[in-house]
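Each chain, written out:
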Amino acid sequence: MAIPATLREYLRACDIDYEEVKHTHEVSASRLAQQSHITGEQLAKAVMLHSSSGYRIAVLPSTCDADLDSLSQLFDEPVELATEDEIVSRFRDCDPGATIPVGQAYGLQVYVDDMLRHQPDIYFDAGDHETLLHMSGKEFEKLMGNSPHGQFSRHH
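Residues numbered from 1 in each chain as written. Predicted model: local features only at pLDDT ≥ 70, side-chain atom pairs only at ≥ 80, totals over all residues. Heavy atoms only, no water.

1. Observations regarding the layout of surface pockets
Under the convention used in this document: Detection works on a 1 Å grid of protein atoms alone, calling trapped sets that fit a 1.4 Å probe cavities and calling open sets with protein on both sides within 12 Å along at least five of seven lines pockets, with lining residues defined by an atom within 4 Å of a point. Grid points are joined across faces, edges and corners, and a volume is the space filled by probe spheres set on the points. What counts as a helix is a DSSP run of H or I of at least four residues, what counts as a strand is a run of E of at least two, and both are numbered from the N terminus. Polar here means any residue other than Ala, Val, Leu, Ile, Met, Phe, Trp, Tyr, Cys and Pro, which are nonpolar, and Asp, Glu, Lys and Arg, which are charged; Gly is therefore polar.
Approximately 190 Å³ is the volume attributed to the second largest pocket. Taken together, Lys45, Ala46, Val47, Met48, Asp65, Ala66, Leu68, Leu81, Ala82, Ile87 and Thr99 make up the full set of residues lining the second largest pocket. Put simply, the parts of the chain that give the lining of the second largest pocket at least two residues each are strand 2 (43-51) and strand 4 (64-66). Considering every element that reaches the lining of the second largest pocket, the biggest residue donor is strand 2, with four residues. Its residues assigned to classes, the lining of the second largest pocket comprises eight nonpolar, one polar and two charged.

2. Remarks on unusual backbone geometry
So the rule is basically this: Three exposure classes are used, based on accessible area relative to the maximum for each residue type with a 1.4 Å probe and protein chains only: buried under 20%, partly exposed in between, and exposed over 50%.
Although it is not a glycine, Asp15 adopts a positive phi angle of roughly 55 degrees. Looking at where Asp15 falls in the secondary structure, it is placed in the loop between helix 1 (5-13) and strand 1 (19-22). On the basis of relative accessibility, which here comes to 59%, the residue Asp15 falls in the exposed class. Of note, the phi angle at Asp76 is positive, near 60 degrees, even though the residue is not glycine.

3. Here's the deal with the side chain of Asp113
Selection rule: In protein, a polar contact means a hydrogen-donor-capable atom and an acceptor-capable atom, both N or O and within 3.5 Å, with residues adjacent in sequence counting only if both atoms are side-chain atoms; elsewhere, any N or O pair within 3.5 Å suffices.
Of note, Asp113 is situated in strand 6 (residues 109-113). Among the polar contacts made by the side chain of Asp113, one reaches the main-chain amide nitrogen of Met115 at a distance of 2.9 Å. At 3.0 Å, the side chain of Asp113 and the backbone nitrogen of Ser153 are in polar contact.

4. A short note on the pattern of salt bridges
Operational definition: The salt bridge criterion pairs a side-chain nitrogen of Lys or Arg with a carboxyl oxygen of Asp or Glu, the two atoms within 4 Å.
For the coordinates displayed, the defined rule picks out five salt bridges. For Arg154, the salt bridge goes to Asp67, with nearest N and O atoms at 3.6 Å. Within this pair, whereas Arg154 is found in strand 10 (residues 153-155), its partner Asp67 is found in the loop between strand 4 and helix 3 (68-75), the two being separated by 87 residues in sequence. Take Arg154: its relative accessible area is 43%, and that puts it in the partly exposed class. Among the residues examined, Asp67 registers a relative accessible area of 18% and is labelled buried.

5. A few points about the side chain of Gln104
Mapping Gln104 onto the fold places it in the loop between helix 4 (84-90) and strand 6. Take Gln104: its relative accessible area is 19%, and that puts it in the buried class.

6. Topic: the environment of Tyr55
The line we're drawing: Every residue pair with non-hydrogen atoms within 4.5 Å of one another is taken to be in contact.
Mapped onto the secondary structure, Tyr55 falls in strand 3 (residues 54-61). Filtering out sequence-adjacent residues up to four positions away, Tyr55 remains in contact with Met48, Leu49, His50, Ala82, Glu86, Arg90 and Leu108. Here the side chain of Tyr55 touches Glu86 through a polar contact of 2.8 Å, side chain to side chain.

7. Structural notes on the environment of His23
If you trace the backbone, His23 turns up in the loop between strand 1 and helix 2 (29-36). Residue classification places His23 among the buried residues on the basis of a relative accessible area of 11%. Linking His23 and Met115, residues 92 residues apart in sequence, is a C-alpha distance of 25 Å.

8. Considering the nonpolar core
Applied cut-off: Among the buried residues, those of types Ala, Val, Leu, Ile, Met, Phe, Trp, Tyr and Cys that are joined through side-chain atoms within 4.5 Å form a nonpolar core.
Counting 30 residues, the largest nonpolar core has Leu7, Ile57, Phe91, Phe124, Phe140 and Leu143 as the members making the most contacts within it. Counting residues per element, the ones that place at least two in this core are helix 1, strand 2, strand 3, strand 6, strand 7 (121-125), strand 8 (131-136) and helix 5 (137-144). Once you skip the residues sitting within four places of it in the chain, Leu7 turns out to touch Ile100, Val102, Tyr106, Ala126 and Leu133.

Next up, the structure:
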């Protein structure tokens with residue numbers, strides 16, 4: 001499968017400079033980082049959250065877990081992880097289980113963990129479990145635009 005059209009069109013509309021990095025099918029972020037010879041801090045993962053006011057995406061380093069208590073405080077309401085069915089229904093043109101950090105392309109509010117904000121390079125799953133997108137930290141900041149940020153990850 002190629003990069004989902006929704007994502008590709010959004011990146012083009014935002015004039016984002018990126019490269020595609022192909023890899024063998026991998027679901028584990030730690031093995032993916034190792035296989036791609038990048039650090040886990042540079043590999044961004046997306047976590048879809050559900051609360052009474054709707055769905056959101058939290059973007060954090062692959063070496064961390066989302067701290068739901070911190071996120072609940074940030075949103076001023078309890079949040080929980082979205083179910084696999086909820087993720088599949090929102091990211092229809094992505095492979096099942098592939099939640100991408102560019103939730104804006106899918107109409108979702110995105111929150112970026114501060115640990116990603118000063119990385120020289122950022123990589124993330126392109127939605128097909130076989131492609132990473134690589135861009136400079138500067139392009140990632142441009143892509144995330146005015147997305148709120150904060151400290152909501154913890155090392156696992």
